[in-house]
Amino acid sequence: MTDKVLILGGNFAGLNAALHVKHALEDDVDVTVLSASDRFLFNPSLIWLPFGKRTPEDITFPVAPTFEEHGVHFVNAAATSIDPDNQVVTAGGRDYTYDYLIIATGYQNKMDVIPGLTDGNAVTITTLEDAIKAGEAWERFLKDPGDIVIGATQSAGCFGAAYEFLFNTAYQLKRNGLKDKVSLTYVTSEPFLGHFGIGGLPHGEQLLGMFLRKEGIDAKVSVGMESVDTDAVNLADGTSLPFKYSMIVPPFVGQDVVKESVLSDDKGYVKVRDTWQTEKYDNVYAAGIAAAVAVPWQTPTPTGLPKTGFPTEVMARVAAENVVHQIKGEAPAEHKEFADMKAICVMDAGNNGVMILADKMLPPRKHGVLVPGPQNHAFKIAFEKYFMWKMKNGHVKLP
Ligand SMILES: Cc1cc2nc3c(=O)[nH]c(=O)nc-3n(C[C@H](O)[C@H](O)[C@H](O)COP(=O)(O)OP(=O)(O)OC[C@H]3O[C@@H](n4cnc5c(N)ncnc54)[C@H](O)[C@@H]3O)c2cc1C
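Conventions adopted
Residues numbered from 1 in each chain as written. Predicted model: local features only at pLDDT ≥ 70, side-chain atom pairs only at ≥ 80, totals over all residues. Heavy atoms only, no water. Salt bridge = Lys/Arg side-chain N within 4 Å of Asp/Glu carboxyl O. Buried < 20%, exposed > 50% of the residue type's maximum accessible area, 1.4 Å probe, protein only. Helix = DSSP H or I, 4+ residues; strand = E, 2+ residues; numbered from the N terminus. Pairing = 2+ DSSP bridges. Axes fitted to C-alpha atoms, helices over the stretch in contact; angles between N-to-C directions. Expected span 1.5 Å × (residues − 1). Contact = heavy atoms within 4.5 Å. Near = heavy atom within 4 Å. Polar contact = N/O pair within 3.5 Å; in protein donor to acceptor, adjacent residues only side chain to side chain. Areas by Shrake-Rupley, 256 points an atom, 1.4 Å probe, with all protein chains shown as cover. Nonpolar A, V, L, I, M, F, W, Y, C, P; charged D, E, K, R; others polar. Domains from an automatic or database assignment. Phe/Tyr/Trp six-rings, centres within 6.5 Å; stacked < 30°, edge-to-face > 60°.

### Description of the pattern of salt bridges
- Taken as a whole and judged by the stated rule, the model has 13 salt bridges.
- The partner of lysine 214 in a salt bridge is glutamate 215, with the nearest N and O atoms 3.6 Å apart.
- The class for lysine 214 is exposed, based on a relative accessible area of 55%.
- On the accessibility criterion, glutamate 215 (13% relative accessible area) is buried.
- Notably, a salt bridge pairs aspartate 282 with arginine 273, separated by 2.7 Å at the nearest N-O pair.
- For arginine 273, a relative accessible area of 31% puts it in the partly exposed group.

And the structure:
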């Protein structure tokens, strides 16, 4: 009997894992992807959408043709329950049985982290729907400008997106002749500028400080948020920052289907080993943001970890290769800790940027460097085009 591999989620991790397994075993495996979204979303470009630099169509593509072309079954349905004892997942009222399961359902925003976020008093950019609303709010802001607060709450992990949006906002203010009329403030739970949720990199604090000073941006560092009103962000230190426009990055948590399963940690992420198998079930894996990774330090204000694209692809590949080993009757041979994966990322700043390179996601590291310069903006645009092409055409073995 052909083994059945079921994959939940069809974005960075899910698409990658599904095609890796299929390409390795071809007709000897039956691969099905169940995903809540029928489109691939290049989340890194959400930072540009509110400014009209990208449309939803520019940064998404339908996934069904990609999967079909590579012999993978695709079902556009959200999984509603996972029963690893009986090896069955329910989605759209149907049961799907499996021999091997890879959970790649990513994140959802934890908007109730502070009162006022769920009410839409500030916008966020971490999902396509949110970024569209952030763009509508930006249009209203341009007609009636005033002060701006951009930040990341306690326990947020996606600091790179907050910085990118901050510097892109500064760039847009200049383009709209508003730079000297509007005060721009960055609020972060990071213990220092440039921590990024990964412990910082050599000279990062000075570099980010220099970028902020150059743009005339004020910073409130190592501080939590108490609440957000319709016109002010209230900080844990008692300060209130009035705004006409505010974008806040909340913490991420796992999807409800994971949270309600026996596989979940307290944040709705799947507890895994370094083979990316779940702690309890040898035939169930998790990859990408859906997988639990412990924050290895305590900061005065809690911060989360960014599970970015590069490590997400590594997790998906390791999980897929281990599934292939198991189907061949071998032990899962691939091991990789999150901390040991490379950190490769570009922080865009409108018409400038910073390349972030490190031999390991988390310290201790041997090498880590931040390279500033306008070439990084051009690189990020080129990378967006390349990555969308790579995923759309299923070239998941390419870097
Ligand atoms: C604003 C922003 C900017 C970013 N910028 C960068 C960057 O510059 N560089 C970088 O490396 N990384 C960046 N990232 C991180 C990068 O986007 C993530 O690493 C990547 O999206 C993780 O992929 P994933 O497949 O694990 O999860 P996701 O991308 O969240 O995909 C999860 C998939 O699962 C589906 N799903 C959800 N629930 C269910 C369910 N119940 N059943 C079935 N399917 C389900 C979803 O529809 C989605 O298709 C950024 C993220 C954000 C939000």
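### Points about unusual backbone geometry
- A cis geometry characterises the amide bond from proline 363 onward to proline 364, with omega recorded as 0 degrees.
- Mapped onto the elements, proline 364 comes out in the loop between strand 21 (353-358) and strand 22 (368-372).
- Phi angles above zero are rare outside glycine, and glutamine 87 is one such case at about 55 degrees.
- Considering the arrangement of structural elements, one finds glutamine 87 in the loop between strand 6 (79-83) and strand 7 (88-91).

### Examining the sheet that holds strand 15 (residues 232-235)
- Taken in spatial order, the three strands line up as 14-15-16 in an open sheet, and their pairing is antiparallel. Both outer strands of the open sheet, strand 14 (225-228) and strand 16 (240-242), are each paired with one neighbouring strand and no more. Strand-to-strand, the axes of this sheet are offset by a mean angle of 20 degrees, without reference to chain direction.
- With three bridges connecting them, strand 14 and strand 15 associate as antiparallel partners. Across the sheet, the residue bridging to methionine 225 is leucine 235, located in strand 15.

### Here's the deal with helix 5 (residues 204-215)
- Given a rise of 1.5 Å per residue, 12 residues ought to cover 16 Å, and the 17 Å separating the end C-alpha atoms of helix 5 matches this to within 8%.
- Along helix 5, the positions that sit buried rather than exposed are Gly204, Leu207, Leu208, Gly209, Phe211, Leu212 and Glu215.
- Against the buried residues of helix 5 lie helix 4 (159-175), strand 12 (184-188), strand 13 (217-220), strand 20 (343-348), strand 21 and strand 22.
- At the C-terminal side of helix 5, glycine 216 shows a positive phi close to 70 degrees.

### Describing the site of the ligand
- The immediate surroundings of the ligand are formed by 33 residues, with Asn11, Ala79, Lys307, Gly309 and Lys380 found nearest.
- The contact in question runs from an oxygen atom of the ligand to an N or O atom on the backbone of serine 37, over 3.4 Å.
- One of the side-chain nitrogen or oxygen atoms of threonine 312 is found 3.4 Å away from an oxygen atom of the ligand.
- For the ligand, whose accessible area on its own is 990 Å², the fraction buried by protein is 91%.
- Taken together, the residues of the shell around the ligand break down into 16 nonpolar, 14 polar and three charged.
- Shared between two domains, the shell around the ligand holds at least three residues of each, these being domain 1 (3-107 + 254-339) and domain 2 (109-251).

### Things to note about the packing of aromatic side chains
- In this structure the tally under the stated criterion is 22 aromatic pairs.
- Plain terms: the ring middles of phenylalanine 40 and phenylalanine 387 are 6.4 Å apart, the flat faces sit at 40 degrees to each other, and that makes the pair tilted. Here phenylalanine 40 is found in strand 3 (residues 39-41), whereas its partner phenylalanine 387 is found in helix 8 (residues 375-392), with 347 residues between them in sequence. Note on accessibility: phenylalanine 40 and phenylalanine 387 belong to one class, buried.
- Seen in terms of ring centroids, phenylalanine 42 and phenylalanine 383 are 6.4 Å apart; in terms of plane orientation they differ by 50 degrees. Their pairing is tilted. Here the residue phenylalanine 42 occupies a position in the loop between strand 3 and strand 4 (60-62), and phenylalanine 383 occupies one in helix 8, the gap between them amounting to 341 residues.
- Phenylalanine 383 gets classed as partly exposed once you look at its relative accessible area, which sits at 32%.
- Ring pairs connect the aromatic residues Phe12, Phe40, Phe42, Phe61, Phe379, Phe383, Tyr386, Phe387 and Trp389, which therefore count as one cluster.

Keep in mind these numbers describe shape, not what the thing actually does.
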